[in-house]
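Examination of the molecular architecture
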Amino acid sequence: MSNILTFIELTADGAPRSSAAALLQRASQLGTPVAVIAIGPAHRDAAVTALGALGVEQVAVLASESADGAVGSAQTDAVAAAVDAFSPTVVLLPHSAEGRDVAGRVAARLGAGIVVDAIDLRADGDSVHVTTSAFGGAFTVDSVVEGGLAVITMRQAAAGEAAAAVQATVTELGSQQSTPAAVVEARTGGAAASGRPDLRSASVVVSGGRGVGSKENFALVEQLADVLRGAVGASRVAVDSGYAAQALQVGQTGRTVSPDLYIALGISGAIQHRAGMQTAKTIVAINTDADAPIFDIADFGVVGDLFSVVPQLIPAIEARTR
Amino acid sequence: MKIVVLIKEVPDTWGERRLDPGTRRVDRAGSDGVLDEIGERAVEAALAYKDGAADTEVVVVSMGPSSTSILRRALAMGATSAVHIVDDRLVGADLGWTAAALAGAIERTGFDLVIAGGESTDGRGGVIPAMVAEHLGVPLATGLSTLQISPDGIRGERTADEETLTISAALPAVVSITERMPDARFPSFKGTMGAKKKPLEVLSTADLGPKAAQVIDTAARSIVVEVVERPARVAGPKIVDDGTAVAQLVDFLSSKQLV
């Protein structure tokens, strides 16, 4: 299936964001990935080198001073120009804040068909079948794009084995007729570097809810996540109560996660929370309320006090993994 | 100032929500249709500005056959008027058709600012604001957790994936908000009574202008081929902690090779 344009999100200094590796691997299952980037000229070479290190053989670059000052504008122009240059049938983007903006603008500008938050892709002749999930994973939906270019955003997933590093070939993209954009006035640092895996693609997620009781107690959730090398999540109540950062929210209005193991601590399992985690392969719940709905979907439930169970569980797991 | 707010009727997240494998669409008969919570917050954001600037006009726009009641609800909250896009040609509309139809209705209505929810609770796509902004040819500021509106522009905080940005745009512009924005007000009795007399215009695709028609006639589109319901999860053992729960849990995790 020829060239698969793959939009790579970059930090301001040209490093590919965490979504890149898995997205490129998806693209290479369908055809030849062509990474598309927009970057300030000063960081252009660093970005190309970093993509080569991820095994990308072709990079299409729009070098633009506005790449990190005008929200999504140069990125949209880059993808539109790359569609002109490479005539792909598919453009892949991450289903992230920036990826969604760029996907929406590109699809509207080019009259492309768009499918978002895909969890799987399958080539079928010249068309691509896109799998999405609806209502928190209760339904699986298979879609195709008819009549032209398919713009697809992919849900973040864990990357597989890294490809061997190569020296990427660069195609320079020309500037486009931009749509006016919002401008960035200030950036306040990245999310505190926790050293933990990204919530969206982690294979283990440990989440805390109302039962955790306080911001201080949330350290217990983090400690369990750390012995399992997992990410930390939180219910909406825990976020609204200030126990955990908004970026950690799992559920209808937060992240959707699908890890191998999801451990719910002090989470009752309201329907809106379940919509964000019920496709996890294995669910463990610890809650004092035996009637909590989380137990209806848990593969293993402990009716008990998390402040008694978790402090014993942490050393027990450590003893296993040592 | 004329603010257009995009709102959507969605199945209530407190109830069971279903897709119909036969029609491959949302089973609207099987659940209660409500004004999406994020859409209520978008209406609130517009009304909060109107509270301090009385000459502000707030127009709510929705698409879909059964949106009349949610439009009336937004009018009862305090919106000035409503626009309802209904047309059998739009049955099964994908994101592309929906964005083009909304943009056509917005252009026809006129606007200084468009406010939408960041993503609906049913589709959760979150790309309609971007598509609408591109059709309208204006700046886009999505995922705002704060929003300051002034006569010339907007400013707000956007938590992107790995950082928080303060972004601004001149008007006209399209913005989308998150659930961190303030809760919506309840319609008052007076508001509910008054809503029945407020203008509610019904548009068909013929009213949406040549650009929308072009998208509907010629653009590529996504088609749902199949909808499959996943089997419900079956609960596993549930033990009451009698002091051995940790050991049993570790055995369980070990049996699944998770530790």
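For the structure, check the block above.
All figures in this text were calculated on a predicted structure; none of them were measured in a lab.

1. Observations concerning the interface of chain A and chain B
Facing the 95 residues of chain A at the interface are 78 residues of chain B. Between chain A and chain B, the buried area comes to about 7,400 Å², and carbon and sulfur atoms account for 54% of it. In terms of surface lost to chain B, no three residues of chain A exceed F135(A), F139(A) and F300(A), which account for 11% of the buried area on that side. Here chain A and chain B share 11 salt bridges between them.

2. Some details on helix α8 (residues 306-321) of chain A
Given 3.6 residues to a turn, an α-helix orients residues that are three or four positions apart in the same direction. Given a rise of 1.5 Å per residue, 16 residues ought to cover 22 Å, and the 21 Å separating the end C-alpha atoms of α8(A) matches this to within 8%. Residues of α8(A) that are buried: L306(A), V309(A), V310(A), L313(A), I314(A) and I317(A). Contacts from the buried residues of α8(A) go to α5 (218-227), β14 (261-265), β15 (282-287) and β16 (300-303) of chain A together with α7 (245-255) of chain B.

3. Some details on the pairing of strand β13 (residues 173-177) of chain B
Residues and elements named next belong to chain B. Judged by how many residues are buried, β13 sits mostly within the fold: 5 of 5 residues are covered. Because side chains alternate across β13, one face comprises the buried residues A173, V175 and I177, and the other comprises V174 and S176, equally buried. Sheet topology places strand β8 (residues 113-117) next to β13; 5 bridges connect them, and they run parallel. Paired with V114 across the strands is V174, a residue of β13. As defined by bridge partners, strand β9 (residues 140-144) adjoins β13 across 3 bridges and the pair is classed as parallel. Bridge assignment links L140 to a residue of β13, and that residue is V174.

4. A look at the nonpolar core
One broad rule of soluble globular proteins: the nonpolar side chains tend to lie buried together. One finds V151(A), V61(B), I85(B), V132(B) and L136(B) to be the most contacted residues of the largest nonpolar core, which totals 63 residues. Residue contributions to this core peak at 8 residues, all from helix α3 (residues 95-109) of chain B. In this structure, V132(B) is in contact with A99(B), L102(B), A103(B), I106(B) and V174(B), ignoring residues within four places of it in sequence. V5(B), A46(B), L47(B) and L165(B) belong to the second largest nonpolar core, which has 39 residues in total.

5. A closer look at empty space enclosed by the protein
Evaluation of the coordinates by the stated rule reveals 1 cavity of 30 Å³ or more. Estimated volume of the largest cavity: approximately 330 Å³. Surrounding the largest cavity, 26 residues form its lining, L10(A), R17(A), E98(A), R187(A) and E163(B) being those nearest its centre.

Rules and cut-offs
- Residue numbers here run from 1 along each chain, matching the order of that chain's written sequence.
- Lettering of chains starts at A and numbering of ligands starts at 1, both following the order in which they are written.
- Reporting of local features is limited, given that this is a predicted model, to residues whose pLDDT is at least 70; pairs of side-chain atoms are given and counted only at 80 or more, and all residues count toward the totals for whole chains, interfaces and linings.
- Side-chain descriptors were evaluated using all non-hydrogen atoms of the structure, hydrogens and water having been removed beforehand.
- Contact criterion: two residues are considered in contact whenever any of their non-hydrogen atoms come within 4.5 Å of each other.
- Put simply, buried area is the surface a 1.4 Å probe can reach on two separate parts but cannot reach once they are joined, added for both.
- The working definition used for a salt bridge is a side-chain nitrogen of Lys or Arg within 4 Å of a carboxyl oxygen of Asp or Glu.
- Comment: elements are numbered from the N terminus, with helices defined as DSSP H or I runs of at least four residues and strands as E runs of at least two.
- The span you would expect from a helix comes to 1.5 Å times its residue count less one.
- For the exposure calls, accessible area comes from a 1.4 Å probe over protein chains only, and a residue counts as buried if that area is under 20% of its type's maximum, exposed if over 50%, partly exposed in between.
- In this scheme, strands are said to pair when DSSP sees at least two bridges between them.
- Residues enter a nonpolar core if they are buried and are Ala, Val, Leu, Ile, Met, Phe, Trp, Tyr or Cys, with the set joined through side-chain atoms within 4.5 Å.
- A pocket here means an open set of points on a 1 Å grid, computed over the protein atoms alone, that has protein on both sides within 12 Å along at least five of seven lines. A cavity is instead a set of points where a 1.4 Å probe fits but cannot get out; residues with an atom within 4 Å of a point line either one.
- Grid points are joined across faces, edges and corners, and a volume is the space filled by probe spheres set on the points.

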